[in-house]
Amino acid sequence: MLGLGADGPVRRLLRAGEGARWLVPGLLNLGNTCFMNSLLQGLSSCPSFIRWLEEFTAQYRTEQSKSQEHQHLSVTLLQLLRALSCQEVTEDDVLDASCLLEVLRMNRWQISSFEEQDAHELFHVLTSSLEDERDRQPRVTHLFDVQALEQPETTPKQISCRTRGSLPPVSNHWKSQHPFHGRLTSNMVCKHCEHQSPVRFDTFDSLSLSIPAAVWGRPMTLDHCLHHFISSESVKDVVCDNCTKIQAEGILNGQSIENQRTTFVKQLKLGKLPQCLCIHLQRLSWSNQGTPLKRHEHVQFNEFLVMDIYKYRVPVQKSSHKTPEETPGTKDGTAVKSPEAEQTPGTKPLFMNGASSSSSFLMSPGTFPLAAFPECSAPLYLYRLMAVVVHHGDMHSGHFVTYRRSPSPRGALAVPGQWLWVSDDSVRRASLQEVLAASAYLLFYERVHGRAPQRGPEE
């Protein structure tokens, strides 16, 4: 997807009046930087991400020299997000984010402010650069970090050095993952012998969902995209160790046999759900002639997102005898159920992600009716919509804008459900209905308190 800067001169906001009290600073378009401006507005609406940056950058404030602070991506990003979330007092109604491009160039990312770029690609650049910055930190506790030395962590795993002795504990802000970090599980089951391979884990910082083919008369919802993402698929010509073992047991004289290749069923699930969830709706498609096309259809989404049925759960073991050394989810014959199978037959789910309110229940903006759920079925992985990035245009040119929640200025009460529309330096109020009607490209959700968690093996 391509982004194109907004036309026209920079317009400064009038913030002195009461009507502009709940607005946020705009961002100067440096040529074609609407892709960066829209992403920054979206990230600044995620309080958990800002808090993580504050904790992470605390290491630089405790060091003897602060002359290198401007070279750290985390410090520059935090300053911008704090200003955009009204956590820092600024006299400017329009901010200049060129400092972010400069620090990215120092990290060997060549991003031009005059070339059309993609907001989702920039998101991956930021998260991967933050991970690189974290990995560059020392593996052992700094000698000047007295607080970390005096308060050791009580974790069962410790780092061992060559002398087999334990090293001092590693400080939290030197090893913590950013709140967009999650893990996918990949489950493989042989269709012939039903043997399940060990579950594989992969990391992600955003869920990139393809949009399934539309069904006539049926609206496309976020649930349809999520179900399509985790739907099972057949993988042919895979070596099955269990089938090979069974075949070898039936052959005498220890003759060697070839590896048995069968068809496996593969399914993805979410092994670890992040605190901040970024969902990317893939709007790129290809024509029969091989030319890129943009998909403009509307995907319905809600202010609240329930992710429980997409979470990986350790399958119930067939045998009641289980040793601590056993790896969860690696027993023979156990497979992960589909989301439809996890619902009680003959019942209609109380909440569907992306379904219209008439098909579930009406709720006021900013609230989620947990009382409508039975205590045992209330959602545990409940997310609240924080921002929506929209791309207007086609595959060759266009413009990125952002719908985001309005932050509360210091010393002021929050406005429930207040949304803003931001296009570079232009900011205005928006309604929740306008937000939900947008053709989303990126969705930013943040996890909120749902049902009290019951820690199990899958946690």
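Note that this is a predicted model, so its numbers are computed, not measured.

(A) Examining the confidence of the model for the protein chain more closely. Confidence along the protein chain averages 76 in pLDDT terms, with 66% of residues attaining 70 or more. Low pLDDT, under 50, characterises residues 357-362; the stretch is placed with eight contacts to residues that sit more than four places away or in other chains.

(B) A look at the packing of aromatic side chains. Applying the stated criterion across every chain yields a total of eight aromatic pairs. Note on Phe49 and Phe180: the rings are 5.4 Å apart at their centroids and 65° apart in plane angle, and the pair reads as edge-to-face. Of this pair, Phe49 sits in helix α2 (residues 47-56) while Phe180 is found in the loop between α7 (146-150) and β3 (182-190), placing the two residues 131 residues apart along the sequence. Overall, Phe180 belongs to the buried group, its relative accessible area being 0%. Seen from their ring centres, Phe123 and Phe444 are 6.1 Å apart, and the 65° between their planes marks the pair as edge-to-face. Of this pair, Phe123 sits in helix α6 (residues 119-135) while Phe444 sits in strand β16 (residues 440-448), placing them 321 residues apart in sequence. An aromatic cluster is built from Phe49, Trp52, Phe56, Tyr60, Phe123, Phe180 and Phe444, whose rings are joined through pairwise contacts.

(C) Molecular detail of the nonpolar core. Grouped together as the largest cluster of nonpolar side chains are 46 residues, with contacts concentrated most on Leu40, Phe49, Leu100 and Phe444. Contributions of two or more residues to this core are made by α1 (34-43), α2, α4 (73-84), α5 (98-106), α6, β8 (276-282), β12 (382-393) and β16. Looking at this core, the element that brings in the most residues is α4, giving eight residues. The next biggest cluster of nonpolar side chains, apart from the first, holds 37 residues, and it includes Trp419, Ala430, Val435 and Ala438.

What counts, and at which threshold
Residues numbered from 1 in each chain as written. Predicted model: local features only at pLDDT ≥ 70, side-chain atom pairs only at ≥ 80, totals over all residues. Heavy atoms only, no water. pLDDT = per-residue confidence, 0-100. Contact = heavy atoms within 4.5 Å. Phe/Tyr/Trp six-rings, centres within 6.5 Å; stacked < 30°, edge-to-face > 60°. Helix = DSSP H or I, 4+ residues; strand = E, 2+ residues; numbered from the N terminus. Buried < 20%, exposed > 50% of the residue type's maximum accessible area, 1.4 Å probe, protein only. Core = buried A, V, L, I, M, F, W, Y, C linked by side-chain atoms within 4.5 Å.

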